[in-house]
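The primary structure of each chain is shown beneath.
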Amino acid sequence: MDFKTWQHVFKLDPAKEITDGHLERICKSGTDAILIGGSDNVTLDNVLHLTERVQHYQLPIVLEISTIDSVAPGFDYYFIPTVLNSDNLLWVKGLHHKAIREYGEILDWDELVPEGYCILNADCKAAKLTDAQTDLTTEDVLAYARLAEYFFRLPIFYMEYSGMFGDMELVEKVKRVLVETRLFYGGGIHSVDTARKALAFADTIVVGNIIYENIDKAIETVEAVAETAG
Ligand code: 1GP
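Residues numbered from 1 in each chain as written. Predicted model: local features only at pLDDT ≥ 70, side-chain atom pairs only at ≥ 80, totals over all residues. Heavy atoms only, no water.

A. Layout of the packing of aromatic side chains. In the structure shown here, the tally under the stated rule is 12 aromatic pairs. Taken together, a centroid distance of 5.3 Å and an interplanar angle of 90 degrees make the contact between Phe3 and Tyr77 edge-to-face. Separated by 74 residues along the polypeptide, Phe3 in the segment before strand S1 (8-12) and Tyr77 in strand S4 (residues 77-83) bring together distant segments of the chain. Judged by relative accessible area, Phe3 falls into the buried class, the value being 6%. Of the residues examined, Tyr77 reaches a relative accessible area of 9% and is grouped as buried. Ring geometry for Phe151 versus Phe152: centroids 4.9 Å apart, planes at 85 degrees, classification edge-to-face. (Phe/Tyr/Trp six-rings, centres within 6.5 Å; stacked < 30°, edge-to-face > 60°. Helix = DSSP H or I, 4+ residues; strand = E, 2+ residues; numbered from the N terminus. Buried < 20%, exposed > 50% of the residue type's maximum accessible area, 1.4 Å probe, protein only.)

B. Local environment of the pairing of strand S3 (residues 61-64). Because side chains alternate across S3, one face comprises the buried residues Ile61 and Leu63, and the other comprises Val62 and Glu64, equally buried. Two strands pair when backbone bridges link them, and strand S2 (residues 33-36) and S3 are joined in this way by 3 bridges, in the parallel orientation. Residue pairing for S3: Ile34 is matched across the bridge by Ile61. Handedness of the crossover joining S2 and S3 through helix H2 (residues 44-54): right-handed. In this sheet, S4 lies alongside S3 in parallel orientation, the contact comprising 3 bridges. Each residue of the ladder has a partner; that of Glu64, found in S4, is Phe79. (Pairing = 2+ DSSP bridges. Right-handed = clockwise from strand over helix to strand, strands pointing away.)

C. Structural view of the UniProt feature "binding site: Mg(2+)" (unreviewed entry) in the chain. Under the UniProt annotation, "binding site: Mg(2+)" (unreviewed entry) lies at Asp13 and Ser39. The greatest C-alpha distance among the residues just named is 8.3 Å, despite their covering 27 residues of sequence, which places them together in space. By secondary structure assignment, the location of Asp13 is in the loop between S1 and helix H1 (20-27). Asp13 gets classed as buried once you look at its relative accessible area, which sits at 14%. Among residues more than four places away in sequence, those in contact with Asp13 are Gly37, Gly38, Leu50 and Tyr212. Within polar-contact distance, the side chain of Asp13 engages the backbone nitrogen of Ala15 at 2.9 Å. Apart from residues lying up to four places away in sequence, Ser39 is in contact with Lys125, Ala126 and Leu129. (UniProt positions renumbered as here; feature names shortened; annotations may be inferred. Contact = heavy atoms within 4.5 Å. Polar contact = N/O pair within 3.5 Å; in protein donor to acceptor, adjacent residues only side chain to side chain.)

So, in structure tokens, the structure goes:
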């Protein structure tokens, strides 16, 4: 199992309700992995509860860490965002420093995967929470991508449009400047068509909200992967 081969990931929010039936459909959909993460009301309790339910299925499970208090053992990977377009150092390296100060001795560094986030939707919760500077030109975004690839050597550059479908021309341009760093795209994928468009340029697409709004449409997004592979 290697996250570098994943093309499609469902992001489940531990603060949101999902029925057993819907969870089963998500986990048996053919997606490559389940990512557990959210922006608010993420607690150790709801993370553990959701994780336990997902563990019934033979799928890689990732915890995307948003608060130190809700970190639990037993995941295949821990994705750790560093928000490249935030001027608030807490979200760039402050929380990371705090966590390493506390758990540095016992961490399994091979399980930790840093993600260079570039948050591009000013209205999303993550942008507000992290004071992200979302008013960016193409050159700004390309520079963040190169910063991730060549300066910080991050394994993932994550274009985060959470809640809206992003600028695919920009996604294409970013993909062209990345070599080793994987391009993750998330935001507003709510059909096979939007999944297909994003997957034309991104290495990995992340599908979130639609799971809770229209389960059939969410499941349909996985079809885009089969098409690319074929
Ligand atoms: C959120 O990038 C993910 O962190 C997915 O976005 O919820 O808009 O699908 P959506």
